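Commentary on secondary and tertiary structure
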Amino acid sequence: MKTTIAEVHQYVGQEVTIGAWLANKRSSGKIAFLQLRDGTGFIQGVVVKNDVGDEQFQVAKSLTQESSMYVTGVIQEDSRSPFGYEMLVSKVELINQAIDYPITPKNHGTEFLMDHRHLWLRSRRQHAIMKVRNEIIRASYEFFNNNNFVKVDPPILTGSSPEGTTELFHTKYFDEDAYLSQSGQLYMEAAAMALGKVFSFGPTFRAEKSKTRRHLIEFWMIEPEMAFYQFEDSLKVQEEYVSYIIQSVLKNCSLELERLERDTSKLENIKAPFPRIMYDDAIKFLHEQGFNDIEWGDDFGAPHETAIADHFDKPVFITHYPTKIKPFYMQPAPDRDDVVLCADMIAPEGYGEIIGGSERIHDPELLKQRMDEHNLPLEAYEWYLDISKYGAVPHSGFGLGLERTVAWITGVEHVRETIPFPRLLNRLYP
Ligand code: 4AD
Ligand code: MG
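Position numbers for residues count from 1 along each chain, tracking the sequence in the order it is written. The naming scheme follows written order: chains are lettered A onward, ligands numbered 1 onward. Residues qualify for local features only when their pLDDT is at least 70, as the model is predicted, and side-chain atom pairs are given and counted only at 80 or more; totals for whole chains, interfaces and linings, by contrast, use all residues.

Going by an unreviewed UniProt entry, the protein carries the name Asparagine--tRNA ligase and comes from Lederbergia graminis. UniProt positions are given in the numbering used here, feature names are shortened, and annotations may be inferred rather than shown by experiment. Its UniProt record gives the protein a comment under Catalytic activity (unreviewed entry), which states: "tRNA(Asn) + L-asparagine + ATP = L-asparaginyl-tRNA(Asn) + AMP + diphosphate + H(+)". The UniProt entry for the protein carries the following comment under Subunit (unreviewed entry): "Homodimer."

Considerations on the site of ligand 1
Note on definitions: a residue is near a molecule or strand provided its C-beta atom, placed from the backbone, lies within 6 Å of it. If you check the shell around ligand 1, you find 23 residues, and the closest are S183, Q185, G356, G399 and G401. Charged residues are taken to be Asp, Glu, Lys and Arg, nonpolar residues to be Ala, Val, Leu, Ile, Met, Phe, Trp, Tyr, Cys and Pro, and polar residues to be all remaining types, Gly included. Taken together, the residues of the shell around ligand 1 break down into eight nonpolar, eight polar and seven charged.

Observations concerning the sheet that holds strand β15 (residues 342-347)
DSSP bridges decide pairing: two strands pair if at least two such bridges lie between them. Strands are runs of DSSP state E lasting at least 2 residues, helices are runs of H or I lasting at least 4, and numbering of each runs from the N terminus. Taken in spatial order, the eight strands make up an open sheet running β7-β11-β12-β17-β16-β15-β14-β13, and their pairing is mixed. The two strands at the open ends of the sheet, each matched to only one other strand, are β7 (150-151) and β13 (276-278). As paired strands, strand β14 (residues 316-319) and β15 are joined by four bridges and run antiparallel to one another. Following the sheet pairing, F317 is matched in β15 by M345.

Examining helix α11 (residues 302-309)
To sort residues by exposure, count the other C-beta atoms lying within 10 Å of each residue's C-beta; 20 or more gives buried, 12 or fewer gives exposed, and values between give partly exposed, all with C-beta atoms placed from the backbone. Among all positions in α11, only H304, E305 and A309 are buried. Viewed end-on, α11 has its buried residues packed into an arc of 130°, placing them on one side of the element. What counts as a contact here is a pair of residues whose C-beta atoms, placed from the backbone, lie within 7 Å. Buried positions along α11 lie against α10 (279-288), β14, β15 and β16 (352-359). In this description, one arc is meant: the one made by directions from the helix axis to the C-beta atoms.

Concerning the domain arrangement of the protein
By a frequent convention, interface size equals the accessible area lost on bringing the separate parts together. When its domains are assigned, the protein resolves into domain 1 (2-96) and domain 2 (117-417). What fixes the domain bounds is an automatic or database domain assignment. Each of domain 1 and domain 2 has a C-alpha centre, and the two are 44 Å apart.

As for the pairing of strand β3 (residues 31-37)
Two faces, one strand: in a regular strand the side chains alternate between the faces of the sheet. Relative to β3, strand β2 (residues 15-27) runs antiparallel, the two being bridged by six bridges. Within the sheet, the bridge partner assigned to W21 lies in β3 and is R37. Linking two consecutive strands that pair antiparallel, namely β2 and β3, is a turn of three residues. Two elements, β3 and strand β4 (residues 42-48), share seven bridges in a ladder whose sense is antiparallel. Within the sheet, the bridge partner assigned to R37 lies in β4 and is F42. Connecting β3 to the next strand, β4, in antiparallel fashion are four residues, including G39 with a positive phi near 95°.

Examining the pairing of strand β6 (residues 85-96)
Two strands pair when backbone bridges link them, and β4 and β6 are joined in this way by three bridges, in the parallel orientation. The residue of β6 that forms the bridge with G45 is M87. Bridging between strand β5 (residues 68-77) and β6 involves 10 bridges; their strand directions are antiparallel. Directly across from Q76, in β6, lies its bridge partner E86.

Some remarks on the UniProt feature "domain: Aminoacyl-transfer RNA synthetases class-II family profile" (unreviewed entry) in the protein
Residues given the UniProt feature "domain: Aminoacyl-transfer RNA synthetases class-II family profile" (unreviewed entry) here are residues 130-430. The straight-line gap between the two end C-alpha atoms of residues 130-430 is 17 Å; of that span, 35% is helix and 20% is strand.

Focus: the environment of I222
With respect to the helices, strands and loops of the structure, I222 is situated in strand β12 (residues 218-227). You can call I222 buried: it has 24 C-beta atoms within 10 Å. The sequence separation of I222 and G399 amounts to 177 residues, and the corresponding C-alpha distance is 5.5 Å. Excluding residues that lie within four positions of it along the chain, I222 makes contacts with S140, F199, F201, L400 and L402.

Have a look at this one:
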């Protein structure tokens, strides 16, 4: 019976065959322990010389790291391994002997590992991170489907720039100029007027000259947009959504979190509602904490966000930012003109902003005025103005950055490990 490591629990006491690679190996004169991986999981194969005979034992003993094989044996429960099963090997059939695999069990520098990202992905740690990433994506679809959102796919090649014009990737679109999408938001707003509650999941691009542990050039965003939802309604969706992701990962990725040595006690109580703090109060708080490098009207830097987040044990919403440091489309607060109805969700433990969102302007005159102030070419946005021209309604939405969320939940230091092939300021390879 051919199977995979993820499915061996169905075959306890039976002989199965698995296609696998050798992750690591220990052996003595009489017994070899093969750490096997097949992509779906990791399992130990035990090869006993007296059982398999001399020739098979030599094959097993001479396997090199990342050699590929079909391995056959009986599946046994193994209470000592966190995985719970091992294989008593009866036969090893070599497919390909790997010579001098560059990533050995010893420590390598970051640049070396990044140059070998295509191989580094095979490691247990990277495997665990990718599995958590997948679980977050799965739980996101589940959450939005359960709540009657429709998945909509906005374009990647666009003629508009929702998040400001300075960080755009320019390309040619035949004879026209085009940009890689910074955010699908404007299209999602149009889609919300057609489908009510929508969400997107796709790559977005920022030509940001930032070289920090939170910045990627290409990252993936989940962007929900909801017709008839006001600012507060959107915050509720956000806190419920993030709680749902956390609880799903805790439930379905316990092995991975253990492998990553994540302190899960810090995640367990992440349940809605989340605390809120207004921008004005956040500035006051920072001044009380001794930050003299920030004034009302400045955007927060990483140390500011971390100081605010450290005050809470859940993600915190910072709300009502100054109009002048936010994009053109945000709805002004009802009682004052200098701040907008927006919120950034700041993750605990120094992971920074994971969500940016707002209520959107739906008054066409105000929108035009704001676009003028931001020097946006009206021709490129005529379609966007139609949203508020025909049956405009209050609406809100947000964008969750997948990689920062993965970094927070897995507890990894840098977003470069949270996406299979990171695009960074100085890296387009591999
Ligand atoms: O705050 P941002 O720029 O918001 C928007 O793009 C809105 N149009 C979203 C919306 O309302 N539909 O980006 C949203 C999130 C951030 O909170 C952050 O998590 C992530 O995207 N993000 C990045 N992640 C990695 N690298 C970067 N360079 C990022 N820039 C933003
Ligand atoms: Mg933001």
